[in-house]
Amino acid sequence: MERLKINIEEYLEEIIDIYIKIFGNQYRNIIEERVRSTEFIEYNTEQSVRSYIFFLENCKAQELSIKFLREIGIDVSSLEGKTYTEELPGDIRRLIREYIGGISGFTYLPEHNTLGIRAFDKKVQDANKEREDEIERNQIQFLNFLFADEEFYSKPDVEEFFKTPKGKETYKKIQEYIEIYNSIFREYKEFENTLEPYKKYVQDRKNIKFSETEEFKEILEKIGDTEENRKILEYVLTERKLMTIAGKDFKRPTIFFTRFVSELEKGGMDDYTLLHEYCHAIEMHKEKTGVEEDYFVSGLDIIDQNESNQYRNDKRKYEILNETITDIFSVEATIILHTRGIYISEPQELTNEDILACNTSIILKKLLLPFVTKYKEKIVRARITGDMQSLFNIIGIENFESLNDCVNKIDHLILEGLEKDLKSKRNDSELIKEYNRQKRRIEEIYRNMEIEKGEIR
């Protein structure tokens, strides 16, 4: 399980330096103090480790599928420098599918895989005698793929072909391909052996509540064993959350970090996630209530803490705006980190650089980028110190509120299917029509901000 562990102390200097570069040297002391004082807690659950195993298996299968194509003489030089988390081009995916049934030809019941060259493997034929008709159909399909200018319709066609000089040469070549595949598959089996500790962890944790594990007790000891912290910890770990928390009972701001790949992601984005959480930690400051104890807040998500988003009851009023701006800074931080050749969570070949759509929609990021770029100095000050008034003095509080409302409205449209409609270019879509209205509204808000600042008279 050592592969799942990050020696975060080794990278704190780099994280500090990157955020000083983004936020400005005037915040050096604050950034250093907040990064160093933040508790970093890694945890695993049965499902998070299970999904991580699936991620590693897929990456290895993609790597070996490319290796197979290369070794049978197919030019895959266009993939040099690509990571194994990136989606393969359509033509490469088709070749892998036709030759070995796709990358799952390594991962999913390979002994029962009768597609492509596997249909000509004697061992596969012997192990699947009850599927003889299927194997014959797959042989016909593969030969039709291999020789687009010839047509094979039946078993006699195939038998006659293999009696010809061309057919004999083809059969010999297919058997060579099978040997290459079998050799590479042995490499995959050796890799699988390295996953045994993870699989054992999953098996051992099956049907055991996380709150009953030693790991839960150890984490609770770190953050303080209170009723409130038990509730928070159960929520974080049960929901497999990656988040930064500073509850009233917490000793200090705490990042909870786990390797989790959802059904919607390819994985390999852990560096981005880690830097996102440290961005929250850097911006986490105490608000004075004047009544009760001071409490921690983060970024712009500080006004009317209990007020909910009118379009989404499960979100706070300023949560989406705050998350999107945090994402913009986190994307920049990840790019800087990787440009320096530093990879914290995974080696480069297992890192997914397609992070623009991660967490919040790329639509929201693009709409907010002009705001973040133009007013970065005041936005950073507001987020790090809580001095919202300096920002309001420049852009106007009404413009800020209108911008936040636009962001929340467009976020709601995205949940309703806006991205799908935009992709299919459904210009008659009511979602797209409303989105265009909100875009025009944001443009007007940005003009009003410039007027407020005195740049337009």
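Numbers given for residues are sequential positions, taken from 1 along each chain in its written order. Predicted model: local features are reported for residues with pLDDT of at least 70 only, side-chain atom pairs are reported and counted for 80 or more only, and whole-chain, interface and lining totals are derived from all residues. Only heavy atoms go into the side-chain values, all of them from the structure, while hydrogens and water stay out.

### With respect to the environment of F185
Working step 1: Considering the arrangement of structural elements, one finds F185 in helix 9 (residues 165–193).
Working step 2: The rule is simple: take the accessible area with a 1.4 Å probe, protein chains only, and divide by the maximum for that residue type; under 20% is buried, over 50% is exposed, in between is partly exposed. F185 gets classed as buried once you look at its relative accessible area, which sits at 17%.
Working step 3: A C-alpha to C-alpha distance of 6.6 Å links F185 and F106, two positions 79 residues apart in sequence.
Working step 4: Contact criterion: two residues are considered in contact whenever any of their non-hydrogen atoms come within 4.5 Å of each other. Setting aside chain neighbours within four positions, we find F185 in contact with F106 and P110. Secondary structure elements follow DSSP: runs of H or I no shorter than four residues count as helices, runs of E no shorter than two count as strands, and numbering proceeds from the N terminus.

### Observations concerning helix 18 (residues 397–416)
Working step 1: What a helix should span is 1.5 Å times the count of its residues minus one. Over its 20 residues, helix 18 runs 29 Å from end to end, which matches the ideal 28 Å to within 8%, given 1.5 Å per residue.
Working step 2: A positive backbone phi angle near 115 degrees is found at G417, which sits one or two residues after helix 18.

### Quick notes on the pairing of strand 3 (residues 254–257)
Working step 1: Going residue by residue along strand 3, you find T254 and F256 tucked away on one face and I255 and F257 tucked away on the opposite face as well.
Working step 2: When DSSP locates at least two bridges between a pair of strands, those strands are taken to pair. Relative to strand 3, strand 1 (residues 39–42) runs parallel, the two sharing 4 bridges. Bridge pairing in strand 3 places F40 opposite I255.

### Describing the packing of aromatic side chains
Working step 1: Note on ring pairs: Phe, Tyr and Trp rings are taken, using the six-membered ring of Trp, and paired if centres are within 6.5 Å. Classes follow the plane angle, with under 30 degrees stacked, over 60 edge-to-face and the rest tilted. This structure, assessed with the given rule, holds 27 aromatic pairs.
Working step 2: Residues F68 and Y99 carry aromatic rings whose centres are separated by 6.1 Å and whose planes lie at 65 degrees to one another, so their mutual orientation is edge-to-face. Taken as a pair, F68 in helix 3 (residues 46–71) and Y99 in helix 4 (residues 90–100) lie far apart in primary sequence, 31 residues in all. Take F68 and Y99: they sit in the same class, and that class is buried.
Working step 3: For the pair F162 and Y171, a centre-to-centre distance of 5.2 Å together with 75 degrees between the ring planes defines the contact as edge-to-face.

### Things to note about helix 1 (residues 12–23)
Working step 1: Between its first and last C-alpha, helix 1 extends 16 Å over 12 residues, near the 16 Å set by a 1.5 Å rise per residue.
Working step 2: Every buried residue of helix 1 is accounted for by L12, I15, I16, I18, Y19, I20, I22 and F23.
Working step 3: Tucked into the core, helix 1 has its buried residues touching helix 2 (28–37), helix 13 (270–282), helix 14 (319–339) and helix 16 (376–385).
Working step 4: The positive-phi residue at the C-terminal boundary of helix 1 is G24, with phi of around 115 degrees.

### Thoughts on the environment of E9
Working step 1: Counting through the fold element by element, E9 comes out in the segment before helix 1.
Working step 2: In this structure the C-alpha to C-alpha distance between E9 and F40, which are 31 residues apart in sequence, comes to 9.5 Å.

### Re the pairing of strand 7 (residues 312–316)
Working step 1: With 2 bridges connecting them, strand 6 (residues 308–309) and strand 7 associate as antiparallel partners. Its bridge partner being in strand 7, S308 is matched across the sheet by R316.
Working step 2: Here strand 6 folds back onto strand 7 in antiparallel fashion, the turn holding 2 residues.

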